[in-house]
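Breakdown of the fold
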Amino acid sequence: MGYGNRAVKGCAVFLWVASVVLLAESRRVKQPRCPASCTCTKDNALCENIRSVPHSFPTDVVSLSFVKSGFNEITGGSFVHTPALQLLLFTANSFDFIDEDAFLGLPHLEYLFIENNKIESISPFAFRGLKALIHLSLAYNNLETLPKDVFNGMDALSKVDLRGNSLVCDCKLKWLVEWMHSTNATVDEIYCSGPPVQQGKKINDLLPQSFDCITAEFASYQSLKFESISVEDFTFGKDQYVVFAQPFTGTCSFQEWDHVEMVFRTFDSIESTSTVVCKPMVIDNQLFVIVAQLFAGSHIYKRDTSANKFIKIQDIDILKIRKPNDIETFLIDGESFFVIADSSKAGSTTVYKWNGNGFYSHQSLHPWYRDTDVEYLEISTKPHLILSSSSQRPVVYQWNKALKQFDRRTDIPEMEDVFAVKHFKVKGDLFICLTRFIGDSKVMRWDGAMFKEVQTVPSRGSMVFQPVAVGNWQYAILGSDYSLTQVYQWDVKSGLFVHAQELNIQSPRAFSLLSIDNREFLLASSFKGKSQIYEHLMIDLSN
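Throughout what follows, the structure given in this document is the object of discussion. (Residues numbered from 1 in each chain as written. Predicted model: local features only at pLDDT ≥ 70, side-chain atom pairs only at ≥ 80, totals over all residues. Heavy atoms only, no water.)

Topic: the sheet that holds strand E6 (residues 97-98)
Note the threshold: The pairing criterion is simple: DSSP has to find at least two bridges between the two strands. Each helix is a run of H or I in the DSSP string that is no shorter than four residues. Each strand is a run of E no shorter than two, and both are numbered from the N terminus.
Pairing is parallel in the open sheet, where three strands are placed in the order E4-E6-E8. Each edge of the open sheet is held by one strand with a lone partner, namely strand E4 (73-74) and strand E8 (121-122). Looking at chain direction, E6 and E8 are connected through two bridges and run parallel. Bridge pairing in E8 places Ile98 opposite Ile122.

Overview of the state of the cysteines
In plain terms, the rule: Any pair of cysteine sulfurs within 2.5 Å is marked as a disulfide. Partly exposed describes any residue whose relative accessible area lies between the buried limit of under 20% and the exposed limit of over 50%, with all areas from a 1.4 Å probe on protein chains only and scaled to the type maximum.
Within the structure shown, the criterion is met by five disulfides. Between the sulfur atoms of Cys169 and its disulfide partner Cys192 the distance amounts to 2.0 Å. Torsion about the S-S bond of the Cys169 and Cys192 cystine: about -95 degrees, corresponding to left-handed handedness. Here Cys192 lies in the loop between strand E11 (186-187) and strand E12 (214-223) and Cys169 lies in the loop between strand E10 (159-161) and helix H2 (174-182), a separation of 23 residues in the sequence. The residues Cys169 and Cys192 share a single accessibility class, namely buried. Each sulfur of the disulfide joining Cys252 and Cys278 lies 2.0 Å from the other. Across the S-S bond of Cys252 and Cys278 the torsion is about -85 degrees, and the bridge reads as left-handed. Pair noted here: Cys252 is in strand E15 (residues 251-258) and Cys278 is in strand E17 (residues 275-283), with a separation of 26 residues, a long-range link. No difference in accessibility class separates Cys252 from Cys278, as the two residues are buried.

Examining the layout of surface pockets
The condition that has to hold: Both cavities and pockets are sets of points on a 1 Å grid over the protein atoms alone; in a cavity a 1.4 Å probe fits but cannot get out, in a pocket the set is open with protein on both sides within 12 Å along at least five of seven lines, and lining residues sit with an atom within 4 Å of a point. Grid points are joined across faces, edges and corners, and a volume is the space filled by probe spheres set on the points. Residue polarity is assigned by list, with Asp, Glu, Lys and Arg as charged and Ala, Val, Leu, Ile, Met, Phe, Trp, Tyr, Cys and Pro as nonpolar; anything else, Gly included, falls into the polar class.
Its boundaries defined by the atoms lining it, the largest pocket holds a volume of some 1,000 Å³. Lining the largest pocket are 39 residues, with Glu232, Asp326, Lys422, Gln466 and Ala510 positioned closest to its centre. Elements with a minimum of two residues in the lining of the largest pocket: strand E13 (230-236), E17, strand E21 (324-332), strand E25 (371-379), strand E29 (420-426), strand E33 (465-470) and strand E37 (508-516). By residue number, the principal contributor to the lining of the largest pocket is E21, which donates six residues. A breakdown of the residues in the lining of the largest pocket according to their chemical character gives 20 nonpolar, nine polar and ten charged. By volume, the second largest pocket is sized at about 880 Å³. Lining the second largest pocket are 26 residues, and of these Asp212, Gln489, Asp491, Val492 and Lys493 lie nearest its centre. Among the secondary structure elements, those contributing two or more residues to the lining of the second largest pocket are E12, E29, strand E34 (473-478) and strand E35 (485-491).

Focus: the sheet that holds E34
Counted only if it meets this: Axis definition: a line fitted to C-alpha atoms, over the contacting stretch in the case of helices. Angles run 0 to 180 degrees between N-to-C directions.
Strand order in this open sheet of four strands is E33-E34-E35-E36, and the pairing throughout is antiparallel. Each end of this open sheet is capped by a strand with a single partner; those strands are E33 and strand E36 (496-503). Ignoring strand direction, the axes of neighbouring strands in this sheet form an average angle of 30 degrees. Relative to E34, E33 is paired through six bridges, and the arrangement is antiparallel. Bridge assignment links Ala469 to a residue of E34, and that residue is Gln474.

If you want it as structure tokens, here you go:
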């Protein structure tokens, strides 16, 4: 019995001694030493000339500094082993990037100084988790911008220092201006290094509305399976349609918008020969289509809504219209007209008028001039026509109200070899785009007495220089048979077109804009490839 008690007591003593030894050993393991190249005091650590961020510091350290260190970036999770940190400082180091979640696991960090380093970029989530941070300094680095919402979740911030960086005040930095107007944190005075329009301005004084960050582009939407030489959009009843003239198949191909599938689909067709223009015209809720053909004459069709088809109602005088090239429709004093530009030597550009039962020849304009295009427009509220010709300069005709016909008014000087003229308006000012196949296409402005040149645009096989407007956006699209189609956007400040984008269309011949279901579509006819449909998309550059 006594022997047993002594054995039990001896075992207990042994276990107690072993546990003390293990506890002491455990404490020895859990107390990291100060890393090499670092100097540690009771609660501070200073590291100098080190190659990477150490993963172990004494647990009592609440303040940590890095000076003249050689690592290239602060990687994610670099300080998860030092959760007690309250202050972290980096100065005169060589790193240029702060990674995502670089300061993860620092719930008590209140002061973060990253100054006089070489930082060029920061991850959008670099400061994630720093909910207790009060003071942040990124002063005197190489930052030109900051990722959007990089300060999200840092609700305790009361001081931000961004001085000494070359911040570019473009749309990428618009969010910072918005944040500065909404935060309670104090931000030291900082200035724009660019762009030129903002250079030297105090960022603290900028307003979000001083940034123009909305731009747009035409994005490819749908490719059609046919070639075409012209395209027209029109409304009949309550529906909107598009018609393409297909010269090789001799077809007017009508397309309608499918509101379910969100694509254009075939609606109907008119079969003809060598079709060059299919011009829709709605009169008294009746749809007429003028079909211009290179051979076998041109004709007028009417939509029979009861039979749901097109029927031919009239032939156009083949002696006057031998080689049609363009058609324009217009209203003057409530009366409906159309004009056909004829490009043959023996033909004559002719104006036709609706008499209630059909169309009759109203006026023949100059014969023998081989007109390639006709444009109807109003100059000082008066109806005009501009005829483009391969044999003379563009001629301007004005409507004579008393005689009810067009009189020759003037021509456009020094503009030989113009294939087509199209007009547009900007803030009440009248402009025209003049297309040249080779050389320089031009933009001209009406000054009250004549058209004067304001801009030249290089043409390389251009058959169309088409202005189109989408809301407040004004464009001019210059096609090319030899290279990409160029899209130009009107710049209000300079009063000129500036290059916006390129479109890959083979030999474009016409463009038309259609608004449907609160969307804007650009329809493009292609003479040697598939006709294309593009959607006009708004882009916010500040996102």
